Amino acid sequence: MNNTCDNCECEKNISIDPSTVEMLHKAKKDGVETTWDRLGTQKNQCGFGVSGGCCRICTMGPCRISPIPGKGAQLGVCGADANVIVSRNFARMIAAGTASHSDHARTICYDLYDTGEDKDLTVTDTEKLNRVASRFNVPTEGRDSYDIAHDVAKAGLNNYGSIFNEVDLPPSLPDQRVERWKKHDLIPKAIDKEIVSILHSSHIGCTADAEDMIKSAFRCSIGDGWLGSYMATEFTDVLFGTPKERSTEANLGVLEENQVNIVMHGHEPTLSEMIVRAADSKEIQDLAKSVGAEGINICGMCCTAHEVSMRHGIKLAGNFLQQEMAIVTGAVEAMIVDVQCIMPSLVKVASCYHTKFITTTPKAKISGSIYMELDEHNRLESAKAILREAVLNYPKRDRSKVQIPNLKTEATLGYSVEEIINKLGKPVETLQDKITNIAPLAEVVANGTIKGVAAIVGCNNPRDVHNKNHIAIMEGLLKNDILVVTTGCAAHAAAKRDLLRKEAKSVAGPGIQAVCELLDIPPVLHMGSCVDISRIMDLTGILAQNIGVDICDLPVVGLAPEYMSEKAITIGMYVVASGIDTWLGSMPPIGASPQVVDILTNKAEEWVGAKFFVETDPHHTVEQIVKRVNEKRTALGLTL
Ligand code: XCC
Ligand code: SF4
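Residues numbered from 1 in each chain as written. Chains lettered and ligands numbered in written order. Predicted model: local features only at pLDDT ≥ 70, side-chain atom pairs only at ≥ 80, totals over all residues. Heavy atoms only, no water.

Visitor: Just checking my understanding: could you explain the packing of helix α11 (residues 269–280) against helix α13 (residues 302–312) for this structure?
Guide: When two helices pack together, their arrangement is captured by the angle between the axes and the distance separating the axes. Their axes nearest at 9 Å, the elements α11 and α13 cross at an angle of 50 degrees. If you check the angle between α11 and α13, you find them oblique. Between α11 and α13 lies a crossing whose hand is right-handed. On the side of α11, the interface is formed by Pro269, Ser272, Glu273 and Val276, while α13 contributes Thr304, Glu307, Val308, Arg311 and His312. When the residues that make up the contact of α11 with α13 are grouped by side-chain class, the tally is three nonpolar, three polar and three charged. (Axes fitted to C-alpha atoms, helices over the stretch in contact; angles between N-to-C directions. Helix = DSSP H or I, 4+ residues; strand = E, 2+ residues; numbered from the N terminus. Parallel < 35°, antiparallel > 145°, perpendicular 65-115°, else oblique. Left-handed = near helix turned anticlockwise from the far one by under 90°. Contact = heavy atoms within 4.5 Å. Nonpolar A, V, L, I, M, F, W, Y, C, P; charged D, E, K, R; others polar.)

Visitor: What is the right way to look at unusual backbone geometry in this model?
Guide: Glycine aside, a negative phi is what most residues show, and trans is what most peptide bonds show. Of the consecutive residues Gly61 and Pro62, the connecting peptide bond is found in the cis state with omega at 5 degrees. Mapped onto the secondary structure, Pro62 falls in the loop between β1 (54–55) and β2 (63–64). Backbone geometry places Lys43, a non-glycine residue, at a positive phi of 45 degrees. When you line up the elements, Lys43 lands in the loop between α3 (35–41) and α4 (47–51). Of note, the phi angle at Cys341 is positive, near 65 degrees, even though the residue is not glycine. Inspection of the secondary structure assignment puts Cys341 in the loop between β7 (334–337) and α15 (346–351). Residue class for Cys341 comes out buried when judged on its relative accessible area of 19%. (Buried < 20%, exposed > 50% of the residue type's maximum accessible area, 1.4 Å probe, protein only.)

Visitor: Teacher, can you tell me more about the site of ligand 1 here?
Guide: Near ligand 1 you find His267, Cys302, Cys303, Phe320, Cys341, Gly458, Cys459, Cys489, Cys530, Met564, Ser565 and Lys567, and these make up its full shell. Across the shell around ligand 1, the residue classes break down as eight nonpolar, three polar and one charged. Among the domains, domain 2 (252–401) and domain 3 (416–635) are the pair contributing at least three residues each to the shell around ligand 1. (Near = heavy atom within 4 Å. Domains from an automatic or database assignment.)

Visitor: What is the right way to read the packing of aromatic side chains from this model?
Guide: Any aromatic ring pair is given by two values, namely how distant the centres are and how the planes are angled relative to each other. Evaluation of the coordinates by the stated rule reveals five aromatic pairs. With 6.0 Å between their ring centres and 20 degrees between their planes, Trp226 and Tyr230 make a pair best called stacked. Pair noted here: Trp226 and Tyr230 are both in helix α10 (residues 210–240), with a separation of four residues, about one helical turn. With relative accessibility at 6%, the residue Tyr230 sits in the buried group. Taking the centre distance of 4.1 Å and the plane angle of 5 degrees together, the rings of Trp583 and Phe613 count as stacked. Highlighted residues: Trp583 in strand β15 (residues 581–584) and Phe613 in strand β16 (residues 612–614), separated in sequence by 30 residues. By the burial criterion, Trp583 is buried, and Phe613 matches it. Ring pairing ties together the aromatic residues Trp181, Trp226 and Tyr230, which thus form one cluster. Geometry around Trp607 places Lys215 over its ring, the cationic atom sitting 4.8 Å from the centre. Taking NZ or CZ as reference, Lys401 lies 5.3 Å from the ring centre of Tyr353, over its face. (Phe/Tyr/Trp six-rings, centres within 6.5 Å; stacked < 30°, edge-to-face > 60°. Lys NZ or Arg CZ within 6 Å of the ring centre and 35° of its normal.)

See the structure below:
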């Protein structure tokens, strides 16, 4: 490492990833401001904001509720108390999270509707199309795939604004779960309707009942997890292929010294698919050679990386807190983005190097970036135009500013539910096959070889040490024979720490080691992007049905140790709503309301059979989870 801070403690305080620390030092040397610098300038973050006790919903405010009971303002100007204010603020976060995932899914629905034999969007997985069609009651017998695809897309879109409040909940949901939701009025009426209802009910002068507001938030989140995100995953598989096990590499060391480096960042899969395809074209390859590059190196950042690595083996450049660091290498010709988790700071960081920062969608225009919209009438051509811009930028790379960390790891990924069942020895042909063919997994859980399953997902947050808690918890649970499945930025953390390698099984307990050996899988299963948490929901639903219980009876837990986005909190809500206890690594902005804290960490269990736990210490988290998993096993009559 060339440049270190005085008494450098960055690996202790900033990131456990040496390549991130190396680039942070380079940023300092190059005079580039980063997330951590800006976090420093925020100093003490506002206590009212942190605890959710500030209301800005009308202009009689802003109103702030004093944290000391009986002292200072206890009510807003309209008479709203802390419980009302916090529950409204929280529900609005859930509406925003649902809107983000489900609007991503809406684009995919339209993309599926836009498929055709001679178009740039085609049906890639016809078997999956037929399975999906059957759950939407779209006839398939003797029909053309594209007619089926168009009907499925329309059926999917109906779930956004269903006139008569009829949504298509997936068949992997156990009946008991649906009955519980009915009993507590938690079935979404339609995706958009639930988002709108929250915005309406949280307006000045509407819902002033914290319990009811949080129920609305749960209902909305179910629309995210089991409708929007679920369709995003299904339809993306139909369009671009259902993921299968494949290998790739991870971390900033995947950037190449003598190639055109392209980093694709964001979430929706269509842009990145087109870029991958365009990069393969002779025209673009020849152009790269003509500017003196040895080739084109396409890498991914955040969730976009997962979409294309699971389907094409594209390399994982990094997670959320590494987006600025990738540009700081000085070796990136273009950062091409679509939606979500894209820091506006990239404009400034890119301006310190030769990097072109290219935005592509009206949903996320960023001033100061180069805007090149992905034209829906000719996606492949617009992808080529974007790539030409990137390739022609290669000669402008300033070699004196280039420093690529010499660090990358191998990773095996691509574990869709279909691929997991395939690994268990049987394929998935019908929807019923999923429930039947998951039996060997149910058996190893039942006989105690695997004690339980933990889904570790979510973001990075500069308030935490980058990736530290993800890794400490993953390793702790594996030692206790709890299998880990992962998505999103947590999955990048696992990849960088070598946990997505089959050889990594040695860190696990004897049960997981035996299962990994038998099935030839890594101990941490990469299941995709954040919308692909629907795959995890699918897996738990069919596992519960195979055993004949509800999801809340399973020894399964969820975790988001380093979350930061509204989407991540929404995911936590639908995971809890699905009956899975969920650990958060920090308190969401609800601390000002004892009632909302009680609902989410206690009372929710009466409604949905699961609740939130908030724990900042990774070792305590592991202990609590082992205890909880054992309680669930005992209740099911399983050995400990
Ligand atoms: Fe964004 Fe999905 Fe969070 Fe990562 S995990 S920081 S939301 S990229 Ni979704
Ligand atoms: Fe204040 Fe009530 Fe307006 Fe909120 S809705 S800003 S608490 S007056």
